[in-house]
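Fold and contact review
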Amino acid sequence: MNSKNLSKYIIILAIALMAAGAITIYGSTQSMNLFKSHMGKIILSVAAFGVFSLIPYEYYRKYSKYALFAVVALLLITPVFGVTRNGGTRWLNFWFITFQPSELAKVVLLMHLAVLIEKKGELLKSFSKGFKFALIWIFLVAGLVIIQPNVSTSMIIVMLSFTVLYVGGAKFKHIMATVLIVLVLVTTAVYTIYPHAKKRIADFGAKDHYQVHQAKIALGSGGTTGLGLGNSRQSEKYIPFHYSDFIFSIIGEENGLVGVSFLLSAYVAIFGFGFLIAKKAKDKFAQLFAFGISFLILLSAFIHISVVTGLMPNTGVTLPFVSYGGTSLIVFSMCLGILTNIAYKNRTVEEIRVETFG
């Protein structure tokens with residue numbers, strides 16, 4: 001399977017997921033204003049995809065540190081000038097759109113880690129000569145995100161970063177030692193600084209946690225083929241933020257096991273195609289960046305679904321390409337644009353010959 005076709009399949013799956021999200025959002029809310037807002041964000045996402053698919057991925061290697069400095073600056077000003085919602089100051093208002101810098105931080109940090117790993121080479125196996133430099137950036141970005149407070153996104157940043165470091169050649173013992181330290185620090189922060197996170201963990205341990213309980217009812221009532229589009233009984237009255245944080249449950253209720261299976265298969269396929277693009281890439285930076293982007297999409301979907309099914313505490317993580325939420329949708333589309341460019345730029349001579357002459 002050639003690289004160009006791999007990117008086409010990913011785009012088709014992403015479009016299908018966006019369509020499923022838009023239909024579910026309108027059907028479950030019956031709000032034309034909400035639907036129009038979401039469609040506007042889809043249009044911005046398509047534009048972001050188009051722009052980033054045209055930018056040669058090699059540029060990111062050259063400017064990754066500047067981009068990371070810019071993201072750090074945005075994270076620094078967010079708690080001071082940001083918009084507060086649901087107990088967290090995580091958004092910056094840019095007049096025409098409210099933007100969440102922590103979503104962009106995931107991708108920019110991933111980009112710079114790929115550059116750093118490629119540059120350090122075998123030195124990455126040494127804690128003092130390679131590994132510690134990656135940790136500085138990871139802890140800086142994750143720390144600024146957790147201050148907002150946004151514990152779930154900071155944990156995604158850490159999990160994504162350590163996975164890419166391991167794939168890039170870092171020693172497993174260095175990663176595990178750091179993970180243990182992170183767990184201690186996060187646990188301490190949750191129980192001493194962030195009462196909202198402590199409550200979520202406590203609710204997770206409670207069998208009668210309202211939101212998750214209602215989400216499970218929605219999933220169970222869907223059966224094999226679902227209740228039909230727009231026929232959700234749980235959405236408006238029983239599940240808060242059902243169109244964003246818990247949209248998977250509504251899809252399960254309205255489309256049943258068939259719809260849920262499509263979603264799961266789509267995310268696994270996107271990761272699989274992205275992994276093949278990474279494998280075909282000719283330089284380590286492109287390999288790690290493509291793998292990281294693909295893994296980020298799969299990881300985000302896994303966490304969202306785990307929350308809805310009661311396997312994890314409530315995190316507020318959106319379902320990629322499906323949930324209502326502008327920043328998430330735009331950033332994930334931007335990621336697909338980058339992945340498409342990597343696929344296009346790393347075509348083999350044989351693939352180019354076939355495209356040109358048939």
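Figured I'd write up the structure that's included with this text. (Residues numbered from 1 in each chain as written. Predicted model: local features only at pLDDT ≥ 70, side-chain atom pairs only at ≥ 80, totals over all residues. Heavy atoms only, no water.)

**Some words on the environment of Phe-275**
You can see Phe-275 is positioned in helix H11 (residues 247-280). By relative accessible area, Phe-275 is classed as partly exposed at 39%. Along the primary structure Phe-275 and Gln-287 are separated by 12 residues, whereas in three dimensions their C-alpha atoms are 8.5 Å apart. When near neighbours in sequence (up to four residues on either side) are disregarded, Phe-275 contacts Phe-291 and Ser-294. (Helix = DSSP H or I, 4+ residues; strand = E, 2+ residues; numbered from the N terminus. Buried < 20%, exposed > 50% of the residue type's maximum accessible area, 1.4 Å probe, protein only. Contact = heavy atoms within 4.5 Å.)

**Concerning helix H4 (residues 101-120)**
Taking 1.5 Å of rise per residue, the 20 residues of H4 would be expected to cover 28 Å, and the 28 Å separating its terminal C-alpha atoms lies within 8% of that figure. Most of H4 sits out of view: 17 of its 20 residues are buried. Downstream of H4 by one or two residues, Gly-121 has phi in the positive range, about 60°. (Expected span 1.5 Å × (residues − 1).)

**Let's talk about the nonpolar core**
With 102 residues, the main nonpolar core has Leu-165, Phe-289, Leu-319 and Ile-342 as its most contacted residues. If one sorts the elements of this core by residue count, helix H12 (residues 284-308) sits on top with 16 residues. Those residues in contact with Leu-319 that lie beyond four places of it in its chain are Ile-247, Phe-248, Leu-263, Tyr-267, Ala-301, His-304 and Ile-305. (Core = buried A, V, L, I, M, F, W, Y, C linked by side-chain atoms within 4.5 Å.)

**With respect to the pattern of salt bridges**
One pass over the full model with this rule turns up 3 salt bridges. When the shortest N-O distance is used, the salt bridge between Arg-61 and Glu-118 registers 2.9 Å. You can see Arg-61 sitting in helix H3 (residues 58-81) and its partner Glu-118 sitting in helix H4, a full 57 residues away along the chain. Assessed through its relative accessible area of 28%, Arg-61 is described here as partly exposed. Arg-61 serves as the salt-bridge partner of Asp-283, at 2.9 Å between the closest nitrogen and oxygen. Residue Asp-283 is located in the loop between H11 and H12, and its partner Arg-61 is located in helix H3; the two are separated by 222 residues in the primary sequence. Bridged by salt links that share partners, the residues Arg-61, Glu-118 and Asp-283 form one connected network. (Salt bridge = Lys/Arg side-chain N within 4 Å of Asp/Glu carboxyl O.)

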